[in-house]
Amino acid sequence: MKQLYFLFFAFSMGFAQVPKVWWVDVTNGNDNNNGQSEATAFKSIQTLFTNNYLSAYNDTIYVKEGTYDFKDAEVQSRIGFVIVGVSGAEKTIFDADSTNRHFYINIYSNDSGKGYKQKFEGISFINGYEPASGGSIIIGRYADASFDACIFENNQAGYGSGAMSSQGKLEINGTTFKNNKAYGKQSTHGSAIYMQGAAVDITNSLFHDNETRSSIGNTSQGFSSHSVIHYAGGPQIYSDALSSWNGVKALLVNNTIVNNVSRSDASNAYITSGIYYCSHDNNYDNDPTVYAFNNIIYGNKRGDAIEEYQLQLHCGSPIFYNDYNLIYNLDDLRNGGGSGEKYLSSDYSIDVDPGFKDDANGDFSLANSSLAIGAGATIASFDEDVSAPKTDMLGTARPNPSGSSPDLGHIENSLASSPYPKQVQNVTARGGSGSVTLSWDAVGTASDSITYKVYMDTKALSINIDLHVATTSGTNATITGLDNSTRYYFRVTAINAGGYEGTGSKTVDITPCLLYTSPSPRDQRGSRMPS
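This structure is a prediction, so every number in the text was calculated from the model and none was measured.

Thoughts on the overall build of the protein
Then comes step 1: Along the protein, the regular secondary structure elements total two helices and 48 strands.
Then comes step 2: Considering only C-alpha atoms, the protein reaches an extent of 95 × 55 × 55 Å along its principal axes.
Then comes step 3: Within the span of the protein, comprising 531 residues, buried residues form 54% of the whole.
Then comes step 4: Once local pairs closer than 6 in sequence are excluded, the contacts in the protein between residues at least 24 apart make up 72%.
Then comes step 5: Considering the protein, the positive charge centre built from 36 side chains and the negative charge centre built from 53 side chains are found 2 Å apart.

Section: the pairing of strand 8 (residues 118–121)
Then comes step 1: Alternating residues of strand 8 divide into Gln118 and Phe120, all buried, and Lys119 and Glu121, none buried.
Then comes step 2: Judged from the four bridges that link them, strand 5 (residues 81–85) and strand 8 form a sheet pairing that is parallel. Following the sheet pairing, Val84 is matched in strand 8 by Glu121.
Then comes step 3: Pairing geometry for strand 8 and strand 12 (residues 144–148), over four bridges, is parallel.

Some words on the sheet that holds strand 3 (residues 66–69)
Pairing between the strands of a sheet is mediated by backbone hydrogen bonds and can be parallel or antiparallel.
Then comes step 1: Read across the sheet, nine strands follow the order 3-6-9-13-17-22-28-33-38 without closing on themselves; strand pairing throughout is parallel. Two strands close off the open sheet at either side, each with one partner strand: strand 3 and strand 38 (326–327).

Let's talk about the state of the cysteines
Then comes step 1: A full pass over the atoms with the stated rule returns one disulfide.
Then comes step 2: A disulfide bridge connects Cys278 with Cys315, and the sulfur atoms are separated by 1.7 Å. Between Cys278 and Cys315 the sulfur-sulfur dihedral comes to about -65°; the bridge is accordingly left-handed. Here Cys278, found in strand 31 (residues 275–278), pairs with Cys315, found in the loop between strand 36 (311–313) and strand 37 (320–323); they are 37 residues apart in sequence, far enough to count as distant.
Then comes step 3: Here Cys315 falls in the partly exposed class, since its relative accessible area comes to 29%.

Some remarks on the packing of aromatic side chains
Then comes step 1: With the rule as written, the count across this model stands at 36 aromatic pairs.
Then comes step 2: Judged by centre distance (5.3 Å) and plane angle (80°), the ring pair of Phe356 and Phe364 falls under edge-to-face. Considered together, Phe356 and Phe364 belong to a single accessibility category, that of buried residues.
Then comes step 3: One aromatic cluster in this structure is built from Phe49, Tyr68, Phe70, Phe81, Phe94, Phe103, Phe120, Phe125, Phe147, Phe152, Phe177 and Phe207.
Then comes step 4: If you follow Arg213 out to its NZ or CZ, it ends over the ring of Tyr183, 5.6 Å from the centre.

Structural notes on the environment of Cys513
Then comes step 1: Among the secondary structure elements, Cys513 is positioned in the loop between strand 47 (508–510) and strand 48 (516–517).
Then comes step 2: The class for Cys513 is partly exposed, based on a relative accessible area of 31%.
Then comes step 3: For the pair Cys513 and Glu501, spaced twelve residues apart in sequence, the C-alpha to C-alpha distance is 31 Å.

Notes on the environment of Lys185
Then comes step 1: By the element assignment, Lys185 lies in the loop between strand 18 (181–183) and strand 19 (188–189).
Then comes step 2: The class of Lys185 is exposed, set by a relative accessible area of 62%.
Then comes step 3: Taking the C-alpha atoms as reference, Lys185 lies 8.9 Å from Thr219; in sequence the two are 34 residues apart.
Then comes step 4: Excluding residues within four positions of it along the chain, Lys185 makes contact with Ser215, Ile216, Asn218 and Phe223.

Conventions used here
- Residues numbered from 1 in each chain as written.
- Predicted model: local features only at pLDDT ≥ 70, side-chain atom pairs only at ≥ 80, totals over all residues.
- Heavy atoms only, no water.
- Helix = DSSP H or I, 4+ residues; strand = E, 2+ residues; numbered from the N terminus.
- Buried < 20%, exposed > 50% of the residue type's maximum accessible area, 1.4 Å probe, protein only.
- Contact = heavy atoms within 4.5 Å.
- Lys, Arg positive; Asp, Glu negative; His and termini not counted.
- Charge placed at Lys NZ, Arg CZ, Asp CG, Glu CD.
- Pairing = 2+ DSSP bridges.
- Disulfide = S-S within 2.5 Å.
- Phe/Tyr/Trp six-rings, centres within 6.5 Å; stacked < 30°, edge-to-face > 60°.
- Lys NZ or Arg CZ within 6 Å of the ring centre and 35° of its normal.

In structure tokens form, the structure reads like this:
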């Protein structure tokens, strides 16, 4: 009889804890409905939260396509839920009209063991604003949140985290962050994400054209302006039982982090544009550790110029394992300062133009000529228990094709490896009267039958047949008939025996004059990311 009682009790508890399902439809819904079916949907998201309709068991909220008004209607939640955009992020939009953030998620400490989760799938968060931190989303210490296939666009904060600020556990997958801003009179941190000792996994995501800007209207003081992704302390989870923080592992895998900008209105500000890690604490049984691989970190700017050190590790003894990445200025990263330089030595990372299909129009997928194809790892070289995501941002199996090595970045190309030759490296230019002589390193071996094309313009250039000025089988070329008072810009490509023309070299620019040699290749990097 006792066994039967416990069986009945367990069944009753399991039955009672079934999550509810709710529907919201901005076009056809009504907040006087019961919201329990598609036909009786609510009109607004806020109705569910302000009226406390949600149960304690992570109810699912299905949101039909449309634009939902979050102006003066920030949602604050202390329980779990699942919000799903039925038609995906492009068609399911939460718009705060630049008046307030979208969500503040802050679980009470005594509720931290109840299994509350906050999940968002297929939602666009646009036009959020907060004068302090977290332009769109705040994740509190005890939260357990996730964002999958979402978009954060045109959100702004006045101090840090233009889109999102987190102190708690957070997973971000297949999500795009674009045109978010952290603008402030003083320091600004994390134009997309600011993590304050938070355990955050970021995978398959795209970060582009986000911006930090400090010292606005305060040019006499050089307040810092830091990065699109800002780690303020290593990944940790708070333990109530121990009344302390505990270090954990966090992932930064298969992301594309490009064309983000950090600025300051003061001339003496400390500025970093890509990934910045500071205030690490090793006083735990398990040290906070970040594993970063299969990422593309390129073209991020310090003001109007490309940032030399787009991954920086500072403060304390940060543990930030990274390899199998494409990182701008890779060989020189250890000269960027900071206490974590020993983690900036990568055996299998590369420094080449990523070779995107059409980055000028927002397409950051890999062209077939990209050397990032097949350049990744399925399992992290520094921990065999850490692996790359099984699918990419679009849900395509990774690696693709099966059995190959995964690509770098957020989207898999269909090729196992690129049939194109490698990018031409170390182009130098020597000026003469009315002429420029270019030299570069050979691509491949003599048996590879490589030829080279030289392209020239009077401004920073993309590879275009109309700009082609020379072809040679050697590793140098002299261009004549030039104007000694004009500055010329050059790029060189390699063509293999199959007729495939590789990605153009980094740009070198020079004004012809007798016996003048251009600066070293490290100083020749263009003012913007090559096409």
